[in-house]
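As a plain string of letters, each chain reads:
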Amino acid sequence: MRFLHTSDWHLGRSFHQVGLLGAQARFVDHLVDTVRAESVDVVLVSGDVYDRALPSPDTVDLLSTAVTRLIDAGAAVVLSSGNHDSAIRLGFASELLSRAGLHIRTSTESIGVPVVVDGVAVYPLPYLEPAVAADPLGASERSHAGVLRAAMAKVDADRAVRGGPSVVMAHAFVTGGATSDSERDISVGGVSAVHPKVFAGTDYVALGHLHGRQRVADDVRYSGSPVPLSFSEAGHTKGSWLVDIDDSGVSVEAVDAPVERPLAVLRGDIDLLLTDPALTPAERSWCQVTLTDPVRPLGAMEQLRRRFPHTLVLQFDPQGAPVPVRSYTQRTTAESDLDVCCSFLGHVRRGHGPSEEEHAVLAAAVEAVRVQRAGHADEGQLPLSLPSARRGVA
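Reading the values: rules and limits
- Residues numbered from 1 in each chain as written.
- Predicted model: local features only at pLDDT ≥ 70, side-chain atom pairs only at ≥ 80, totals over all residues.
- Heavy atoms only, no water.
- Helix = DSSP H or I, 4+ residues; strand = E, 2+ residues; numbered from the N terminus.
- Buried < 20%, exposed > 50% of the residue type's maximum accessible area, 1.4 Å probe, protein only.
- Contact = heavy atoms within 4.5 Å.
- Areas by Shrake-Rupley, 256 points an atom, 1.4 Å probe, with all protein chains shown as cover.
- Polar contact = N/O pair within 3.5 Å; in protein donor to acceptor, adjacent residues only side chain to side chain.
- Pairing = 2+ DSSP bridges.
- Axes fitted to C-alpha atoms, helices over the stretch in contact; angles between N-to-C directions.
- Phe/Tyr/Trp six-rings, centres within 6.5 Å; stacked < 30°, edge-to-face > 60°.
- Lys NZ or Arg CZ within 6 Å of the ring centre and 35° of its normal.
- Left-handed = near helix turned anticlockwise from the far one by under 90°.
- Salt bridge = Lys/Arg side-chain N within 4 Å of Asp/Glu carboxyl O.

(A) Region of the structure containing the overall build of the protein chain. Secondary structure summary: the protein chain contains 12 helices and 19 strands in total. Per-residue burial over the protein chain gives 45% buried out of 394 residues. Once local pairs closer than 6 in sequence are excluded, the contacts in the protein chain between residues at least 24 apart make up 66%. When the accessible surface of the protein chain is totalled, it reaches about 19,200 Å², and 51% of it is carbon and sulfur.

Shown next, in the form of structure tokens:
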């Protein structure tokens, strides 16, 4: 049997408020092409098919289109639910859909009942929330390791009778996997990791949950998410695993996914970032920028986007000699009214005083107040507000 191991599609996800549905649709195109080109028998999706329990209509439509196209291309499709999915909604009409080649497993009742393809038994394990799954599975402890051990006991019981090679799909944090910032924490009481030995006896373990494609052991792997979901994944190569199981054993090959837009994590003074020719590739990337200027530059995002139009995240980490910051009282001591206004502007803008134009506006406002105040001196009252010249500064 030849299968394509994928997971964590997270259909409907946004990347820093940029919708990913288009990129996810192009990943589906890639999967369909791969199924045809490589004569794939089964496509596995190990959890987190959707990004949320209540997906949008466009997202549901994309999944419907995806599974139809994959089945039309000649592959069966096996989906299991992840911690982002609604098990009940994703599992709707699963028995009926299995007749068409779409096998959806979302309940504890289905554990231990395989999808058999060309003599290989595929055991999909949905995400098992310990508090919910422990009692139905008869787990000895309410932990991720406890419920997975109980689930694997059902798998072991079936394959002991059935014989032949087996594949287990699981959505879990297995010890040895590298995490990223985009995974939802599934810890219970501070414990979420499961030792890979819990899957002993399985020919291949198709894991989901962690978003980096990686090998925990030769026969235990994460496919990762098909598109980046956080800037911590800037070094990832996205894709899936093409796996062959035959009489000679198991062979695994990486299949890279198309890159919708690369990621770039930039750091440095703004002048260097805007002029460094080595950063030319980042001009077409989604960018996370950390500015290290000792004084926060004015209009930093606007300046950066002129060169890096896809900058999504801007952070500040001032380095070098700090700009002296005096208290407002210290700033206003022994200063003229105009100096006080200029000092205040520099204070609230972290060292950036007024430009020549702003200085002229402030000077005009201060002079207008002085004249108005002088006109009311004989009446023993002061004006309640500055004239319109002052309001123009704001």
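(B) Summary view of the environment of arginine 149. Relative to the elements of secondary structure, arginine 149 occurs in helix α6 (residues 144–162). Between the alpha carbons of arginine 149 and phenylalanine 199 there is a distance of 8.3 Å; along the sequence they are 50 residues apart. Dropping the residues within four chain positions of it, arginine 149 is found in contact with Glu141 and Val198. At a separation of 2.9 Å, a polar atom in the side chain of arginine 149 contacts the side chain of glutamate 141.

(C) Geometry of the sheet that holds strand β6 (residues 102–105). Sheet architecture is open: six strands sit in the order β6-β5-β4-β1-β15-β16, paired in mixed fashion. Where the open sheet ends on each side, the last strands, each with one partner, are β6 and β16 (249–256). Within the sheet, the average angular offset between the axes of one strand and its neighbour, ignoring direction, is 20°. The pairing of strand β15 (residues 239–246) with β16 spans eight bridges and is classified as antiparallel. Bridged to tryptophan 241 within β16 is alanine 254. Running at roughly 145° to strand β5 (residues 76–80), helix α2 (residues 57–72) makes contact with β4 (42–46), β5 and β6 of the sheet.

(D) Molecular detail of the packing of aromatic side chains. With the rule as written, the count across this model stands at four aromatic pairs. An angle of 80° between the planes, with centres 6.2 Å apart, marks the rings of tryptophan 9 and phenylalanine 27 as edge-to-face. Placement of the pair is tryptophan 9 in the loop between β1 (2–6) and β2 (14–15) and phenylalanine 27 in helix α1 (residues 21–38), with a sequence separation of 18 residues. Assigned by exposure class, tryptophan 9 and phenylalanine 27 land together as buried. When the ring of phenylalanine 15 is compared with that of phenylalanine 231, the centres are 5.0 Å apart and the planes differ by 50°; the resulting orientation is tilted. Linking phenylalanine 15 in strand β2 with phenylalanine 231 in the loop between β14 (220–222) and β15, this pair joins segments that are 216 residues apart in sequence. Judged by relative accessible area, phenylalanine 15 falls into the buried class, the value being 1%. An aromatic cluster is built from Phe15, Phe231 and Trp286, whose rings are joined through pairwise contacts. Taking NZ or CZ as reference, arginine 221 lies 4.7 Å from the ring centre of tryptophan 241, over its face. When the ring centre of phenylalanine 316 is taken as origin, the NZ or CZ atom of arginine 296, which lies over that ring, is 4.0 Å away.

(E) Main features of the packing of helix α5 (residues 130–137) against α6. At a minimum axis distance of 9 Å, the contact between α5 and α6 shows a crossing angle of 35°. Between α5 and α6 lies a crossing whose hand is left-handed. Across from Pro130, Ala133, Ala134 and Leu137 in α5, the residues of α6 making contact are His144, Val147, Ala150, Ala151 and Lys154.

(F) Structural detail: the pattern of salt bridges. Per the stated rule, a full pass over the model turns up 14 salt bridges. Residues aspartate 51 and arginine 13 are paired through a salt bridge, measuring 3.0 Å at the closest nitrogen-oxygen approach. Of this pair, aspartate 51 sits in the loop between β4 and α2 while arginine 13 is found in the loop between β1 and β2, placing the two residues 38 residues apart along the sequence. Arginine 162 is the salt-bridge partner of aspartate 158, the closest N and O atoms lying 2.9 Å from each other. Of the two residues, aspartate 158 and arginine 162 both sit in helix α6, four residues apart, roughly one turn of that helix. Under the relative-accessibility criterion, arginine 162 is labelled partly exposed at 41%. Via salt bridges that share partners, Arg2, Glu38 and Asp244 belong to a single interconnected network.

(G) Inspection of unusual backbone geometry at higher detail. One non-glycine residue, histidine 16, lies in the positive phi region at around 50°. Here histidine 16 lies in the loop between β2 and β3 (18–19). On the basis of relative accessibility, which here comes to 39%, the residue histidine 16 falls in the partly exposed class. Not every positive phi belongs to a glycine, and serine 39 is a case in point at roughly 55°. Considering the arrangement of structural elements, one finds serine 39 in the loop between α1 and β4.

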